Amino acid sequence: MDLRSYTRDYTEQDNRLAAASYFGTFLVYFAALYLAIAQADRWYVVMPAGVVFAFAAVRLYVLQHDTGHHSLFETRGQNELAGHVLSPFTFAPFEVMKQNHNLHHANIGNLEHRETGEIHTMTLAEWRQAGFWQRQVYRLYRNPLILVPLGAAFTYFIRYRWPKNSSRFGALGVVLHNFVILVLLWGLYQLAGGKGLLIWLVFSFLGGMIGVFLVYLQHNFEDTYWDRRPDLNPAEAALQGSSCLDFGWLFDFAVANITLHDIHHFNARIPSYRLRQCHYNMPPEFGLRRIKFGEALGALRLKLWDEEKKRLVAFPA
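So, here is what we can say about the structure in this document. (Residues numbered from 1 in each chain as written. Predicted model: local features only at pLDDT ≥ 70, side-chain atom pairs only at ≥ 80, totals over all residues. Heavy atoms only, no water.)

1. Here we look at helix α8 (residues 144-157)
Taking 1.5 Å per residue as the helical rise, α8 with its 14 residues ought to reach 20 Å, and the 19 Å between its terminal C-alpha atoms agrees with that figure. The sharpest bend along α8 measures roughly 30 degrees and falls at glycine 151. For α8, the complete set of buried residues consists of Leu147, Val148, Gly151, Ala152 and Tyr156. Elements in contact with the buried residues of α8: α3 (43-68), α4 (76-90), α7 (132-142) and α10 (171-219). Looking at where α8 begins, the residue whose side-chain oxygen comes 2.9 Å from the main-chain nitrogen of leucine 145 is asparagine 143. (Helix = DSSP H or I, 4+ residues; strand = E, 2+ residues; numbered from the N terminus. Expected span 1.5 Å × (residues − 1). Bend = angle between axes of the 7 residues up to and from the residue. Buried < 20%, exposed > 50% of the residue type's maximum accessible area, 1.4 Å probe, protein only. Contact = heavy atoms within 4.5 Å. Polar contact = N/O pair within 3.5 Å; in protein donor to acceptor, adjacent residues only side chain to side chain.)

So, in structure tokens, the structure goes:
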């Protein structure tokens, strides 16, 4: 059996599992937010409730990502409806983000189309040719202490108000999306006041940072994959160019298995609720590598793609 045939056995959608994941995550999202606001004067309640809320927000984003691939629910219409409903809570306008993400999948590992990736990567040759200020800007951009917090704030609160390709894929949808967000925030203010808005903002920001951290690790590790056509191998780019983050079952569950990104890129039709089963039931001959938390943190120091050595490397001394 080849890997394509193996993964195809896990592509069946199940509306019962999808609904449990979808509505269950919404339930946790609202319950955690309510608890954090209601117990705002008790930090020992607010902090854990806020962290749960942040992970629920990440989970909603991953489920929206699934609906964009039409892999969560059984029909196209169900996925489209579910994706649009999720948009105001993920801060990501569904149609534009769906199309942008499809471009990302189509160009994974392609050095000539790095604009479709979430995080820009320079090659070592480009770094050597770059001027002083271009290097300084890139150093700041790739610094995790800047990339994660500022990247989260910029991406979710500013960039997604008008994502790239909005005019191409649905400007009206983006405008309506932003209007609905304003209505929801106004409703939250009416119910919980400035305190409620502040708690929502702080822990939404935490969720954004978790999301950016995961996005970084999904394609930025030492033996990832980049190449140019005609040598580019799409299957190898999907599997080797995407990571499997082995942070444990609980973490996988908390982020709807987006950590199993290699299998997802190889076959995007696998629902998030089947990804872990697909990966860990895999025959050993396929030999996909898993990255532990320590190695993942170490990958944060890797910044440039060395086209000769075929690996991600740190800045030259």
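2. Observations regarding the sheet that holds strand β3 (residues 311-313)
On the basis of which strands lie adjacent, the open sheet formed by three strands has the order β1-β2-β3 and mixed pairing. A strand with exactly one partner marks an edge of an open sheet, and here the two such strands are β1 (122-123) and β3. Here two bridges tie β1 to strand β2 (residues 304-306), and the two strands are oriented parallel to one another. Bridged to threonine 123 within β2 is tryptophan 305. (Pairing = 2+ DSSP bridges.)

3. Re the packing of aromatic side chains
Counting across every chain of the model gives 26 aromatic pairs. A centroid spacing of 5.1 Å and a plane angle of 85 degrees characterise the contact between tyrosine 22 and phenylalanine 23, whose relative ring orientation is edge-to-face. Relative accessible area serves as the criterion here: at 5%, tyrosine 22 is assigned to the buried category. On the numbers, 5.2 Å between centres and 90 degrees between planes, the contact of tyrosine 29 with phenylalanine 30 is edge-to-face. Overall, the relative accessible area of 4% leaves tyrosine 29 in the buried class. Clustering of aromatic rings is evident, with ring pairs tying together Tyr22, Phe23, Phe26, Tyr29, Phe30, Phe53, Phe73 and Phe89. For the cation-ring pair, arginine 4 lies above phenylalanine 266, with the distance from its terminal atom to the ring centre recorded as 4.1 Å. (Phe/Tyr/Trp six-rings, centres within 6.5 Å; stacked < 30°, edge-to-face > 60°. Lys NZ or Arg CZ within 6 Å of the ring centre and 35° of its normal.)

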